[in-house]
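Working through the structure, step by step
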Amino acid sequence: METNGEVLFLNTTTDGKAFASKGHLCHDDSSPVVKAQTIDELHSLQKKKSVPTTPKTHHPDEDLQKLHLQSISASLASLTRETGPKVKSVKQQLDYLTPASLSTSDSALKFTHILYNLSPAELYEHAIKHEKGSFITSSGAIATLSGAKTGRSPKDKRVVKDDTTAAELWWDKGSPNIEMDEHTFLVNRERAVDYLNSLETVFVNDQFLNWDSNNRIKVRIVSARAYHSLFMHNMCIRPTLEELQNFGTPDFTIYNAGQFPCNRYTNYMTSSTTINLNLSRREMVILGTQYAGEMKKGLFSLMHYLMPKRGILSLHSGCNMGRNVDVALFFGLSGTGKTTLSTDHNRFLIGDDEHCWSDAGVSNIEGGCYAKCLDLSPEKEPDIFNAIKFGTVLENVVFEEHSREVDYADKSVTENTRASYPIEYIPNAKIPCVGPHPKNVILLACDAFGVLPPVSKLTLAQTMYHFISGYTALVAGTEEGIKEPQATFSACFGAAFVMLHPTKYAAMLADKMRKYGTTAWLVNTGWCGGRYGVGSRIKLANTRRLIDAIHSGSLLKAEYKKTEVFGLEIPAAVDGVPSEILDPMNAWDDKEAYRETLKKLAGLFKKNFEVFANYSVGGESKLTEEILAAGPIF
């Protein structure tokens, strides 16, 4: 009991008799009774009602939410029934009735719960609860499986050929664009939409492409898996709350029904997998593959189509910027060192993979990075290794069952293990991801033949020639059956994603370089002193010194001489780099073997370029002739 602020404590003696003593209550840890009558009500108090990722309205009648749900319903509309399902946001529990012209079907009668722009934490919960193969790793990243497909399926990609695209796109030999007609696209779209509408819940992301706010593209991704939603949350640019409130109708929509196969008996289909792009409808359909990279690269293909129409060059490149505001673009196929060389602690990272070059400068297309994980270590790639934390998606990796520690050397599932994370996870990322016009363009090649110089300065015509060629070489042992170096060519260093003829992109690159005073360089990160198995690979430390000399501008002041056959200008000396490796012929003991190998590689370049030799840009063949003349002569 309590009297005048004092507390009377009831005590007992050893023989059980009670007596009272005075004291003071020094600490009262009691609290009000929880205002809940059931356990469910108690759990409901755990979560605040504010939802920062869901559009809010300042209108009491909630018109904005209804308009937004109507937009999502329109995205999910069936072309046969001319309507989508009834949809409501699980966040807001708003009933939205579809138009009165509903045809009778089960899909039209049911509700589909829209999980809209969920946070990474929410997506973790959905993935772990509903998707077999999703686990939290020791670093906090979520590990997932992409199913039977652990890489892209370029042979299953189709592009609608209509009156517009027939004239605009590259359809000739060597093109990655395999045609389909409008009707077949609509059949596949209907199949994907019907599958998504049959689900109880559907994930919807509304996001942006391109950090250049004057040329950004609004994209909507409709998917069935939390893993896909989180992947795109990382890879696209994340809107602010205000931008989300005013998002409106998207410019492009992806329907990812990857768990459901296409009908193999449909026209133009050659397997149960298909990735369909309709540029007129601004839509993409995915059936029969759950590999998330299809969405990323599908959007990149879209940008390769849309941006050049605005006079903006889309580029498959890395990009960084020095403290003197000097920007460099890095092009290179897998194994050339593009990621390693563009990631520099002394420079700011603008982006690792996809960029635009407009009259305002360069801008990253994406909001995240998609890094390879095979043999990843904190010593070799510390920035990428440390970016694998909460919010990061790890695809197809293997981890220890108890500790959940990832074994990056284990390729039991696939060699193509990947990590997707927001770009701000990289400490020296430049946010916003934009920069001025590039000072240097660096074309990287891992030449396993050992005949290309470690660095050479290119003319504009040579830049176009080597940009279109997109050369590197596979070495013996990297693929089964390869006994000697194999030349690999990929137009514009990303042939699988180009939509227009490569010469058009090359001409735009040359125009911008000429306009803004940009210098191009060809850097060989491969072998010298002989081909693979005979010579030795150029040391990374030497390549970094060459790149540093490019960044500083000191390499422009060097004395140059021309090589035979390819006619490349090479420096006589570079500080810190052994002079004997700068001229590849000097590094070979067998000079005759060098000349034979050089001519062999030159012949492979010429054969590859036959696909482009007869193309004329804008009906003029002068540019094509100029590019051809910049190739090897022997």
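Let me begin by describing the structure that accompanies this report. Fair warning: this is a prediction, and the values are worked out from it, not measured in the lab. (Residues numbered from 1 in each chain as written. Predicted model: local features only at pLDDT ≥ 70, side-chain atom pairs only at ≥ 80, totals over all residues. Heavy atoms only, no water.)

1. Quick look at empty space enclosed by the protein
A water-sized probe rolled over the atoms picks out the places where empty space is left. Summed over all chains, the structure comprises six cavities of 30 Å³ or more. Looking at the largest cavity, its volume works out to about 110 Å³. Around the largest cavity, the lining is made up of 13 residues, and of these Lys157, Ile275, Glu294, Lys297 and Gly298 lie nearest the centre. Sorting the residues of the lining of the largest cavity by element identifies β13 (274-278) and α9 (293-309) as the ones contributing at least two each. (1 Å grid on protein atoms, 1.4 Å probe; cavity = no way out; pocket = protein on both sides within 12 Å on 5 of 7 lines; lining within 4 Å. Points joined across faces, edges and corners; volume = space filled by probe spheres on them. Helix = DSSP H or I, 4+ residues; strand = E, 2+ residues; numbered from the N terminus.)

2. Topic: the side chain of Asn215
When you line up the elements, Asn215 lands in the loop between β10 (201-209) and β11 (217-223). A polar atom in the side chain of Asn215 sits 3.3 Å from the side chain of Arg310. Not counting chain neighbours up to four residues away, the residues in contact with Asn215 comprise Leu209, Asn210, Met307, Arg310 and Ile312. (Polar contact = N/O pair within 3.5 Å; in protein donor to acceptor, adjacent residues only side chain to side chain. Contact = heavy atoms within 4.5 Å.)

3. So, the sheet that holds strand β25 (residues 418-422)
In space, the five strands of this open sheet follow the order β6-β7-β22-β25-β21, with mixed pairing throughout. Each edge of the open sheet is held by one strand with a lone partner, namely β6 (135-136) and β21 (368-372). Looking at chain direction, β21 and β25 are connected through five bridges and run antiparallel. Following the sheet pairing, Ala371 is matched in β25 by Ala419. (Pairing = 2+ DSSP bridges.)

4. Some remarks on the packing of aromatic side chains
Throughout the structure, instances matching the rule amount to 21 aromatic pairs. Seen in terms of ring centroids, Tyr195 and Phe260 are 5.2 Å apart; in terms of plane orientation they differ by 15°. Their pairing is stacked. A residue pair is termed long-range when its members are at least 10 positions apart, and Tyr195 in helix α6 (residues 182-198) and Phe260 in the loop between β12 (252-257) and β13 qualify at 65 residues. Pairing Phe300 with Phe497 gives two aromatic rings, centres 5.7 Å apart and planes at 50°, and the pair type is tilted. Of the two residues, Phe300 sits in helix α9 while Phe497 sits in the loop between β30 (486-489) and α13 (502-516), which places them 197 residues apart along the sequence. For Phe300, a relative accessible area of 0% translates into the label buried. (Phe/Tyr/Trp six-rings, centres within 6.5 Å; stacked < 30°, edge-to-face > 60°. Buried < 20%, exposed > 50% of the residue type's maximum accessible area, 1.4 Å probe, protein only.)

5. Here's the deal with the nonpolar core
Leu299, Leu394, Tyr421, Phe467 and Phe566 are the most contacted members of the largest nonpolar core, which has 125 residues in total. Counting residues per element, this core draws most heavily on α9, which supplies eight residues. In this structure, Phe566 is in contact with Leu452, Gln462, His466, Leu598, Leu601, Ala602, Phe605 and Pro632, ignoring residues within four places of it in sequence. Ranked by size, the runner-up nonpolar core spans 25 residues in total, among them Val204, Ala224, Tyr255 and Val285. (Core = buried A, V, L, I, M, F, W, Y, C linked by side-chain atoms within 4.5 Å.)

6. Let's talk about the pattern of salt bridges
Tallied over the entire structure, the rule returns 21 salt bridges. Lys161 is paired through a salt bridge with Glu179; the nearest N and O atoms lie 3.6 Å apart. Residue Lys161 is found in the loop between β8 (157-160) and α5 (163-168), and its partner Glu179 is found in strand β9 (residues 179-180); the two are separated by 18 residues along the sequence. By relative accessible area, which is 33% here, Lys161 ends up partly exposed. (Salt bridge = Lys/Arg side-chain N within 4 Å of Asp/Glu carboxyl O.)

7. Some details on a negative patch on the surface
Residues Asp589, Asp590, Glu592 and Glu596 make up a contiguous surface patch of negative charge. One can find Asp589 in the loop between α16 (584-587) and α17 (591-609). (Patch = residues over 30% accessible without salt bridge, like charges linked within 9 Å, V, L, I, M, F, W, Y side chains within 5 Å. Areas by Shrake-Rupley, 256 points an atom, 1.4 Å probe, with all protein chains shown as cover. Lys, Arg positive; Asp, Glu negative; His and termini not counted. Charge placed at Lys NZ, Arg CZ, Asp CG, Glu CD.)

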